[in-house]
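Residues per chain, in single letters:
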Amino acid sequence: MSTTADLERLAEDLAAEARPDRAGTGVSPHRTALRRLRSDPVAVVSGAVVLVLVLLGLLAPLVTSLWGIHATVGHPDAPRPSEVLLFDGYPAVGPPYEPFTWQHPLGLAPRTGVDNLATLLYGLRTSLGVAVVATVLTTLVGVGVGLVAGFVGGRTDRVVSFVIDLFLSFPFLLGALALAPIVVSRFSTDPDGLALAQVVALVAVLVTFGWMGLARLIRGQVLSLREREFVQAAVVMGLSTRHILLKELLPNLVAPIVVAVSLSVPAFVAAEAGLSYLGIGLTGVPSLGQTINQAVDSFERYPLYLWAPVLTVMVLVLALNLLGDAVRDAFDPRTRR
Amino acid sequence: MTHDPAPPDPLLAVRDLRKLFPARPTARRSRFQGAVRAVDGISFDLRPGGTLGIVGESGSGKTTTGRLVARLEQPTSGSIRFAGTEIGALSRKEMRPLRRQIQMVFQDPYGSLNPRQTVGTALATPLRAHALVPAGGVGRRVREVLELVGLDPRHVDRYPADLSGGQRQRVAVARALAVEPRLVVADEPVSALDVSVQAQVVNLLQDLRRELGVAFLLISHDLAVVRHFCDDVAVMYLGRIVETADRDSLYTRPLHPYTQALMSAVPDVRRGTSGERLHRIRLPGEPPSPVSPPSGCRFRTRCWRAQEVCAQVDPPLLEITPTHRVACHFAGEFGAVPADREGAPGQPG
Ligand SMILES: Nc1ncnc2c1ncn2[C@@H]1O[C@H](COP(=O)(O)OP(=O)(O)OP(=O)(O)O)[C@@H](O)[C@H]1O
Ligand SMILES: [Mg+2]
C-alpha cells in the first residue's frame, strides 16, 4: 500500500512539474491569457492607439470647447459661415488656400464653415459609440440564441438554425437601403427625432444582420460542451438549466466571445462608415463616414478635408483589428500562427 | 438481484428496459433506417446499500444502462423504479427533485470537472442548490467532504488543471457523495487512472460505501475491480444481460459461455477459479452490430457450443439457483440444474 501511495505522490509531482506556471497556484486560465496579452508588443501598441482614439472620442466636448471650435452649424459661439467662407464656398482661413493655422488644424468645411477637427472628434465619438452599442447587443443576442439552441437542441435548435440561415441569406445592404428612406420620411418634420431615429435604425440594422455569426459559433461550442462530462454531472446534480447555461457553459465560452467581440468592433466601425458614406447611415449627427461622403466632392481642391477622416477610420480599424488578433492569440493559443 | 419469495423492497428495480438510438442520426428526414439496440430489454434489482457490478465487452450497453438509471437518457420502453417511484418516464422538470438521490461518477476525471471552476465551487454548488446545509456552513462542509475522500482541504482554491487524475477523481467522488445520495452510478470510475492509483480509488469507494450505506451500480470491464467491490454481478452482451449472479457463484462457477470467455481472459480471475478452466478461451471475431443482432441467441455467432436451436430460439434468463440466472440453452448441462428445469429452454416462445 505504501508503495502505491508513493507512486501516486511521484506521479502528482511529475504532473505538477509539467506545468510550472500553473502548479498549485490556483490561477484561472483567463488570467494566464491576460498575462500573455500584456507581453505582446503588437497588443500593447494597438491597445494604446485604440485607447487614445477612444479617449479623444469620449472627451470630444471637452477638447473642442478648450480649443474653441464647434462641430455644428449655427452654434451661437461659432463664427457665421459668411464670415469664414469665400464667395466660392471654400474657407477664408487655413487650407486649402491659406496657410496652416492652429486655430483650425484640419481647416474648415467648405460651404458650412464648420471646424473639421471638431467634426472628426464628434464623428469618432459617434462611430465608436455605434460600434460598441451594436457589439454589445449582437453579443447578447448571439450568445443567448447560441446557448439556448445548442443546449436545448431538438426542434428549437432546428428552428434557430433555419432562422440563422435565413438572416445570413438576406442581403444586408438591401435591408439598410430600404430602411433609410422610411426613417427619413417618418421623421422629416422633426430633426432631433430624425437624428436619434437614424442612430437607432443604424444600430438595429447592424445588430439584425450581425448576430448570426456569433450565434452559430456559440451553438457549435455548446453542442460539443454539452456532451462533456462536467455538464452531464451538472444535470445529474439536479442544477437548473439556467445555472448550467450561465455558470457551467458560459465561463467556458469566454475565449470565443472575447475574440468575437474584439473583431466585431472594427467591423462595425467600418460598416457604419460605409453606410454613412452611402448616405444611408447617419446624417443628423457627425460621423466619419458622412464626412468622407461630403469630402469626396471637393477632393480635387481640398484633399485634407477627405484624408483626415479616411486616415482616422483606417488607423482605428487597423488598431482594433490588430488588437483583436492579439486577443485571439492570447485566449486561444492553438490558432496561433 | 434475486427472486426471493419476500425480498426487501429494492431501491432500484429495472424491468424490461430498452434504449434504441437512431442508427442514422444525421439523416433527419429520411425514413426510419433501423436502430442501435444499445440496451435491449434488461431487468435487475438493487437493494438499498447493495452493490451491483455490470461487466461486458465494449459496446455491450453498460454505459447506456448507467445513463438510463441516472436519467441522462430517456428510455425507449420499460420501467425504472427508484425507491418506489417510477422514474423512467419523468420529464426533466419532474426528475429534478429526485436527482440528488441518484448521483454519478464518470469515467474521465479530466472531463467531469469544469475547468473554469475551483474545487471549492464544484463542491459548494450542489450543496447550495439543494440547500443541504445552512448557507454559513457550506465552506465547512466542503472541507469535511474533501477530508472524507482523503484530500487536503486546502485544495478548495485549486483548479482541476492543478490536480492529478487520482485527485480529480477523488473530487468527483466527493461531489457525488456531498449531496447524500442513495444510489451512485459509477461508470468505469477507475479505468482512466494509473494502475497504481486505481486500487486507492476503489478502496476509497469501498470505505465510503460501508460508511455511508450508499448503493452502487458499478460499471466496469475490469472483472477484478468488480469482484473486489460488488456483491452481485450482471454480465451484458449486445444490450442483454446474459448471466447474473452473486459474486462468489459467478466467479467460481460461470455458466454462460460468454462469461467463461471473459473470465478466462483475466489471469487473476482464472487463477482464482477451481482450476479446470485454466485454458484461455478466445472468442472469434467482433461482437455483431447492435443494429441487427443475430436471431435467437445473440452470442451464437461467436459461441463454440452453438447448435441449431440457438439460431431459432432466444434463450430466456433462467434461474439455476436462487441467486444465479443465465440465458443459455445449454447452461443446465454444465451446472447443477434442477431436473424440472431441463426442458424449459428450447421451447419455442
Ligand atoms: N448517443 C448514442 N447514439 C447512437 N448510438 C449510441 C449512443 N450511445 C451509445 N450508442 C451505441 O450503443 C451501444 C452501446 O454503447 P455503450 O456506450 O452503452 O457501451 P459500453 O458497454 O458502455 O461500451 P464501452 O465499454 O466501450 O464503454 C454501442 O453500439 C454504441 O455505439
Ligand atoms: Mg461505457
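### Structural notes on the overall build of chain A
Thinking step 1. Within chain A one finds 15 helices and zero strands.
Thinking step 2. Whereas a compact globule of 337 residues would reach a radius of gyration of roughly 20 Å, chain A reaches 26 Å, over 25% beyond that.
Thinking step 3. The principal-axis extent of the C-alpha atoms belonging to chain A is close to 100 × 45 × 30 Å.
Thinking step 4. The 337 residues of chain A split such that 45% are buried.

### Some points on the site of ligand 1
Residue and element names in this part refer to chain B.
Thinking step 1. The immediate surroundings of ligand 1 are formed by 13 residues, with Ser 58, Gly 59, Lys 62, Thr 63 and Thr 64 found nearest.
Thinking step 2. For ligand 1, an oxygen atom lies 3.0 Å from a polar atom in the backbone of Gly 61.
Thinking step 3. Contacts to ligand 1 include Thr 64, whose side-chain N or O atom sits 2.5 Å from an oxygen atom.
Thinking step 4. Where the shell around ligand 1 is concerned, the elements lending two or more residues are strand E2 (35–46) and helix H1 (62–69).
Thinking step 5. Of the residues contributing to the shell around ligand 1, the split by class is four nonpolar, six polar and three charged.

### Quick notes on the confidence of the model for chain A
Thinking step 1. Residues at a pLDDT of 70 or more form 90% of chain A, whose mean pLDDT is 83.
Thinking step 2. For the stretch residues 10–24 of chain A, pLDDT sits under 50, and the model shows 15 contacts to residues farther than four places along the chain or on other chains.

### Digging into a nonpolar patch on the surface
All names here are of chain A.
Thinking step 1. Together, Leu 51, Leu 55, Leu 58, Leu 59, Leu 62 and Leu 66 give the surface a local cluster of nonpolar side chains, amounting to about 620 Å² of exposed area.
Thinking step 2. Elements represented by at least two residues in the nonpolar patch include exactly helix H3 (41–58) and helix H4 (60–67).
Thinking step 3. In terms of residue count, H3 provides more of the nonpolar patch than any other element does, three residues in total.

### So, the nonpolar core
All names here are of chain B.
Thinking step 1. Counting residues in each nonpolar core, the largest one holds 61 residues, and the members touching the most others are Val 142 and Val 173.
Thinking step 2. If near-sequence neighbours (up to four positions away) are discounted, Val 142 is found in contact with Gly 120, Leu 123, Ala 124, Leu 127 and Val 156.
Thinking step 3. Of all hydrophobic cores here, the second largest spans 51 residues; its members include Leu 17, Phe 44, Ile 102 and Leu 217.

### Considerations on the environment of His 324 of chain B
All names here are of chain B.
Thinking step 1. When you line up the elements, His 324 lands in strand E12 (residues 324–326).
Thinking step 2. In this structure, the C-alpha to C-alpha distance between His 324 and Gln 169, residues 155 residues apart in sequence, is 33 Å.
Thinking step 3. Every residue in contact with His 324, bar those within four places of it in the chain, is listed here: Glu 243, Thr 244, Ala 245, Ser 249, Leu 250, Arg 253, Leu 255, Leu 318 and Glu 319.

### Notes on the sheet that holds strand E6 (residues 102–105) of chain B
Residue and element names in this part refer to chain B.
Thinking step 1. What the eight strands build is an open sheet, ordered E6-E7-E8-E3-E9-E10-E12-E11; its pairing is mixed. What marks the edges here is a single partner per strand, and that holds for E6 and strand E11 (318–321). Neighbouring strand axes in the sheet, compared pairwise and without regard to direction, differ in orientation by 20° on average.
Thinking step 2. Pairing geometry for strand E7 (residues 183–187) and strand E8 (residues 215–219), over five bridges, is parallel. Across the sheet, Val 184 pairs through a bridge with Phe 216, a residue of E8.

### Looking at the domain arrangement of chain B
Residues and elements named next belong to chain B.
Thinking step 1. Domain annotation of chain B identifies domain 1 (10–19 + 36–230) and domain 2 (253–349).
Thinking step 2. Placing a centre on the C-alpha atoms of domain 1 and another on those of domain 2 gives a separation of 31 Å.
Thinking step 3. The partner domain 2 presents twelve residues to the seven residues of domain 1 that form the contact.
Thinking step 4. Both faces combined, the contact of domain 1 with domain 2 buries some 950 Å², and carbon together with sulfur accounts for 59% of it.
Thinking step 5. In this assembly, domain 1 and domain 2 are joined by two salt bridges.
Thinking step 6. Arg 298 serves as the salt-bridge partner of Asp 40, at 2.5 Å between the closest nitrogen and oxygen.
Thinking step 7. Taken together, domain 1 and domain 2 are joined by four residue pairs in polar contact (both at pLDDT 80 or more).
Thinking step 8. With three residues, the single largest contributor to the side of domain 1 that touches domain 2 is E2.

### Comments concerning the pairing of strand E4 (residues 77–82) of chain B
Residues and elements named next belong to chain B.
Thinking step 1. As paired strands, strand E1 (residues 12–22) and E4 are joined by five bridges and run antiparallel to one another. The residue bridging Ala 13 from the neighbouring strand is Arg 81, located in E4.
Thinking step 2. Bridging between E4 and strand E5 (residues 85–86) involves two bridges; their strand directions are antiparallel. Residue pairing in the sheet places Arg 81 in a bridge with Glu 86 of E5.

### Here we look at the packing of aromatic side chains
Thinking step 1. All chains considered together, the criterion is met by eleven aromatic pairs over all chains.
Thinking step 2. Taken together, a centroid distance of 5.9 Å and an interplanar angle of 55° make the contact between Tyr 90 of chain A and Tyr 97 of chain A tilted.
Thinking step 3. Its relative accessible area of 10% is what places Tyr 90 of chain A among the buried residues.
Thinking step 4. Taking relative accessible area as the criterion, Tyr 97 of chain A reaches 38% and is therefore assigned partly exposed.
Thinking step 5. These aromatic residues form a ring-pair network of at least three members: Tyr 90, Tyr 97, Tyr 302 and Tyr 305 of chain A.
Thinking step 6. A cation over an aromatic ring shows up here: Arg 209 of chain B above the ring of Phe 229 of chain B, its NZ or CZ 6.0 Å from the ring centre.

### Focus on the interface of chain B and chain A
Interface size, as often reported, equals the accessible area lost upon joining of the parts.
Thinking step 1. Listed as interface residues are 41 residues of chain B and, on the opposing side, 35 residues of chain A.
Thinking step 2. When chain B packs against chain A, the two sides together hide about 3,200 Å² of surface, and 53% of this comes from carbon and sulfur.
Thinking step 3. Connecting chain B to chain A are zero salt bridges.
Thinking step 4. Counting the contacts that link chain B with chain A gives ten residue pairs in polar contact (both at pLDDT 80 or more).
Thinking step 5. Broken down by secondary-structure element, the contributors of at least two residues to the side of chain B that touches chain A are helix H2 (92–99), E6, helix H3 (119–129), helix H5 (165–178) and helix H6 (195–212) of chain B.
Thinking step 6. No other element matches H5 of chain B, which puts five residues into the side of chain B that touches chain A.

About the thresholds
- Residues numbered from 1 in each chain as written.
- Chains lettered and ligands numbered in written order.
- Predicted model: local features only at pLDDT ≥ 70, side-chain atom pairs only at ≥ 80, totals over all residues.
- Heavy atoms only, no water.
- Helix = DSSP H or I, 4+ residues; strand = E, 2+ residues; numbered from the N terminus.
- Rg over C-alpha atoms; globule rule 2.2 N^0.38 Å.
- Buried < 20%, exposed > 50% of the residue type's maximum accessible area, 1.4 Å probe, protein only.
- Near = heavy atom within 4 Å.
- Polar contact = N/O pair within 3.5 Å; in protein donor to acceptor, adjacent residues only side chain to side chain.
- Nonpolar A, V, L, I, M, F, W, Y, C, P; charged D, E, K, R; others polar.
- pLDDT = per-residue confidence, 0-100.
- Contact = heavy atoms within 4.5 Å.
- Patch = residues over 30% accessible without salt bridge, like charges linked within 9 Å, V, L, I, M, F, W, Y side chains within 5 Å.
- Areas by Shrake-Rupley, 256 points an atom, 1.4 Å probe, with all protein chains shown as cover.
- Salt bridge = Lys/Arg side-chain N within 4 Å of Asp/Glu carboxyl O.
- Core = buried A, V, L, I, M, F, W, Y, C linked by side-chain atoms within 4.5 Å.
- Pairing = 2+ DSSP bridges.
- Axes fitted to C-alpha atoms, helices over the stretch in contact; angles between N-to-C directions.
- Domains from an automatic or database assignment.
- Buried area = accessible area lost by both parts, 1.4 Å probe.
- Phe/Tyr/Trp six-rings, centres within 6.5 Å; stacked < 30°, edge-to-face > 60°.
- Lys NZ or Arg CZ within 6 Å of the ring centre and 35° of its normal.

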